[in-house]
Amino acid sequence: MRPSGRPRELFEAFSRINARAFADERLLSCPLLSKAPNYGGVLERFLRQQPPPGTAAPASGPVRLALTALRYAAANGLHCVFMLFCAMALRLMGAGSPEDLAGAGPGERLLLLDTFAVLPGIAADGVYQERYLPGLAEAAKARGWLVLPLYRLYGSRNPAVAWKALRVLAASGGLCDLQLLTFADWLLLIRHALLYPFSLWRLARALRGHEPGSPEFCIRAALLESAGQCVLSGEARRLAGRRLGLLLAAGRAKRGGEPLLVSWYENQTVNKAFYRGLAQAEAKSGFHVRTIGAQLFVWPGALLNNHPDDAEAALGLAPDKALVNGAFFLPEDSARPYAVGPALRYAHLYEPGRSQPRAPKRNRDEKAGAVLVLLSYHPAETRRVLKLALGMARSGQELLYRFHPATRREDFADLLPGNALFSYGALGAALASASAVLGAGSGTLAEAAALGVPVLFADEDEPDLALNYLPEEGRGLFWERVTRPEDAAAALERLERARSSPDHGARAATLKESLFAEPTADRIREAFEL
């Protein structure tokens, strides 16, 4: 898998810029340079040759500069206070400490699981569950490893929510990456916030002179418009990675084997900066920490950050090895080590009763079962789906809405009918009971297609902008593009006819195999070198 068409032009421009920009470690914390298209709407800006809809026209001259400086100071000051609050709260709650990194006994190797701790979910559930790499800790413990979670806090900056979640994390064991920071590191964070604007300004100056409409021109414009955003998360991760590498180097004599670090890997700022910190620790200590990036999810080609960039990897910004969710996601032209790993988050696709696609319903009618509306983490995708769903609801289609856990339903109340029904509980059960699925910007659409559930993809007028997780080869058989509510009924009828074909089950099984590698015990052990 690789970016194609005009998005590839943008990807290659980012790669050229980053090869120079990332020599300045302060720019590692710039979210826009991660290539994630949601930052600054840079992909939309490039494809449409205009600022993304809803972008406010910035003030000019000194007023613009003053407003940007105020936004930057507020965003970074508040985030620094929040991070400090979390680190101090964990200390007061008696959470684990960096000394735990040397806790492995004779013959026992240390496995660090670097994943997100989603604060709102933990606070609501009152318990921590590993949702990104489920089953890996248990498999490693069975092989004699000492497993230590390394949390990245995510999802909310509300102190009340954070306090509730941190109490759960403190009692669950593990270590938060913020706990690795020393007093000197906190001072370096402040220094970083003060100096970062000068690094960004130098980069913007270096990008002057490109023709309007070129990818470099669009990247520069997006950089300047996003200059007021928070940049401390990436730098905190770099400092934590450096501190972690030095602690592991100092404690290697106490362990029975070399440690292994597995990161949930989206190739974003928090990943690049963390690996740079580990590389800096290795340069100082001579001790290498083996790293595996777990890219064990489905993703569309338009998410440019997920594609490997060998130029960045050469700068120490990538793991030693990356694992992808299925053969479909293997890069076609990267020199970096990539392998198919176990689709840990998708084990439910292989549970008894779900290993084969559902049989098509007979005499389907529009009221026989609700269409499940799957809403995305990405706001633009969610709004497009809801607009389409609203038109379908007005025509009498029965719908069941399911929001992404990190999305607030209240933010989209204007696009929900007054009698809207919502789906909760297990996602697998929701898919099994749905007559069809409508969505965009959601990997669950690929799960539905792999199970043989008809999928309506809410399409974008600019095809390269759409976050479509569905392989083009399955179009017309497992899924259809829909742009207008009045087209939905006909598309569903075509998909139902396709489900009646004799080879539908075999082709669905092939689709599932290419997207989701079954998480067998042998595959887990081999992929993660246990």
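Residues numbered from 1 in each chain as written. Predicted model: local features only at pLDDT ≥ 70, side-chain atom pairs only at ≥ 80, totals over all residues. Heavy atoms only, no water.

Considerations on the sheet that holds strand β3 (residues 175–176)
Just so we agree on the cut-off: Between any two strands, pairing holds if DSSP finds at least two bridges. Only DSSP runs of H or I with at least four residues qualify as helices, and only runs of E with at least two residues qualify as strands; both kinds are numbered from the N terminus onward. Residues are treated as being in contact if the distance between any of their heavy atoms lies within 4.5 Å. Between the N-to-C directions of two axes lies an angle of 0 to 180 degrees, each axis being a line fitted to C-alpha atoms and, for a helix, fitted only over the stretch in contact.
Strands sit in the order β3-β2-β1-β4-β5-β6-β7 across an open sheet of seven strands; the sheet is parallel. What marks the edges here is a single partner per strand, and that holds for β3 and β7 (338–340). The pairing of strand β1 (residues 110–118) with strand β4 (residues 260–264) spans four bridges and is parallel. Bridge pairing links Leu-111 to Leu-260 in β4. Running at roughly 160 degrees to β1, helix α9 (residues 232–250) makes contact with β1, β2 (146–154) and β4 of the sheet.

Brief notes about the pairing of strand β5 (residues 290–295)
Look at any regular strand and the pattern is simple: side chains alternate between the two faces of the sheet. Note the following rule: Using a 1.4 Å probe on the protein chains alone, a residue whose accessible area is under 20% of its type maximum counts as buried, one over 50% counts as exposed, and one in between counts as partly exposed. Handedness of a crossover: with both strands directed away from the viewer, a clockwise path from the first strand across the helix to the second marks it as right-handed.
Of all six residues in β5, five are buried, a share of seventy percent or more. Direction of pairing for β4 relative to β5: parallel, over a ladder of five bridges. Of the residues in β5, the one forming a bridge with Val-262 is Ile-292. Regarding topology, helix α10 (residues 269–285) serves as the crossover connection from β4 to the parallel β5, and that connection is right-handed. Here β5 runs beside strand β6 (residues 321–324); their pairing, made up of four bridges, is parallel. By the bridge assignment, Ala-294 is partnered in β6 with Leu-323.

Regarding the environment of Leu-388
Note that Leu-388 resides in helix α12 (residues 379–394). C-alpha separation for the pair Leu-388 and Ser-172, spaced 216 residues apart in sequence, amounts to 43 Å.

What about the packing of helix α3 (residues 61–92) against helix α7 (residues 183–206)?
Two measures define how a pair of helices packs: the angle their axes make with one another and the distance between the axes. Note the threshold: Orientation labels follow simple angle bins: below 35 degrees gives roughly parallel, above 145 gives roughly antiparallel, 65 to 115 gives roughly perpendicular, and whatever is left gives oblique. For any helix crossing, the convention is left-handed if the near helix is rotated counterclockwise from the far helix by under a right angle, and right-handed if that rotation is clockwise. Three categories are distinguished: nonpolar for Ala, Val, Leu, Ile, Met, Phe, Trp, Tyr, Cys and Pro, charged for Asp, Glu, Lys and Arg, and polar for the others, with Gly belonging to the last.
Where α3 contacts α7, the two axes come as close as 11 Å, and the packing angle between them is 165 degrees. As judged from the angle between their axes, α3 and α7 are roughly antiparallel. The two elements α3 and α7 cross, and the hand of that crossing is right-handed. Between α3 and α7, the contacting residues are Tyr-72, Cys-80, Met-83, Leu-84 and Ala-87 on the first element and Trp-186, Leu-189, His-192, Ala-193, Tyr-196 and Pro-197 on the second. A per-class count over the contact of α3 with α7 returns 10 nonpolar, one polar and no charged.

No statement about biological role is implied by the geometric values presented.
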